[in-house]
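Listed below, chain by chain, are the residues.
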Amino acid sequence: MERAQMLTYCLAKPGAWLDRPWEDEEVVKVGSRIFAFLGPGDTGARIGLKCGPDRDLADEWLRRYPDDAGVMPYVGRAGWNTLRLDGAIPTDELTEAVDASYATIVGKLPRRERPDVP
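The paragraphs below set out a description of the structure included in this document. Note that the coordinates shown come from a computational prediction; the quantities given were computed from them, not determined experimentally. The residue numbering used here restarts from 1 in each chain and proceeds along that chain's sequence as written. With the structure being a predicted model, the display of local features is reserved for residues of pLDDT at least 70 and the display and counting of side-chain atom pairs for 80 or more, all residues being used for whole-chain, interface and lining totals. Only heavy atoms go into the side-chain values, all of them from the structure, while hydrogens and water stay out.

## A word on the overall build of the protein chain
Put simply, the test is: For the purposes of this entry, the term helix denotes a DSSP run of H or I that reaches at least four residues, the term strand denotes a run of E that reaches at least two, and both are numbered from the N terminus. Only the C-alpha atoms count toward the radius of gyration. The rule for a globule is 2.2 Å times the residue count to the power 0.38. Contact criterion: two residues are considered in contact whenever any of their non-hydrogen atoms come within 4.5 Å of each other. Accessible areas in this description were obtained via Shrake-Rupley with a 1.4 Å probe; residue shielding takes into account the shown protein chains only.
Scanning the protein chain for helices and strands turns up three helices and six strands. Listed N to C, the secondary structure of the protein chain is α-β-β-β-β-α-β-β-α in terms of helices and strands. The C-alpha radius of gyration of the protein chain comes to 13 Å, within 12% of the 13 Å expected for a compact globule of 118 residues. Based on the C-alpha atoms only, the size of the protein chain along its principal axes is roughly 40 × 30 × 30 Å. Long-range contacts, defined here as pairs at least 24 residues apart, represent 49% of the contacts in the protein chain between residues at least 6 apart. Total accessible area on the protein chain stands at roughly 6,500 Å², and carbon and sulfur atoms take up 51% of it.

Right, dumping it as structure tokens:
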């Protein structure tokens, strides 16, 4: 999957919007919270996602895809991983991971910030 395709997929989520909080770093937010880190637009095809409520569950990605998944710096201990978009991880698993990250973050938002989901 290409980065542009993943960005489009993320932005199609209800209430999702693109933000650049640190220089040229791109993230996708819902409400006031990030659910996907895409980094600078000119870097490799990677995405940072919340892959579990804690490090133990998020580590399943590292066991299944040791060459294509890694712990995100700074927020990794909270279950965030970096996943390669152009590696061995199938597209359907990548989109499921985005869906799960989005759902987790929406579930933590205050009601007033939650998008209307059909």
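## Some details on the environment of Val30
Along the chain, Val30 turns up in strand S2 (residues 25-30). Separated by 56 residues in sequence, Val30 and Asp86 place their C-alpha atoms 25 Å apart. Not counting chain neighbours up to four residues away, the residues in contact with Val30 comprise Pro14, Gly15, Trp17, Phe35, Tyr102, Ile105, Val106, Leu109 and Pro115.

## Considerations on helix H2 (residues 55-64)
Threshold: Any residue under 20% of the maximum accessible area for its type is buried, any over 50% is exposed, and the rest in between are partly exposed; the area is computed with a 1.4 Å probe on protein chains only. The arc under discussion is defined with respect to the helix axis, by the directions toward the C-beta atoms. The definition of a polar contact used here is a pair of N or O atoms within 3.5 Å, where within protein one atom must be able to donate a hydrogen and the other to accept one, and adjacent residues in sequence count solely through side-chain atom pairs.
Within the span of H2, buried status applies to Arg55, Ala58, Asp59 and Trp61. The buried residues of H2 occupy one face: seen down the axis, they fall within an arc of 140°. In H2, the exposed positions angled more than 90 degrees off the buried face are occupied by Asp56, Leu57 and Arg63. The inward-facing, buried residues of H2 contact strand S5 (69-71), strand S6 (80-84) and helix H3 (91-108). The opening residue of H2 is Asp54, an N-cap whose side-chain oxygen sits 3.2 Å from the backbone nitrogen of Asp56.

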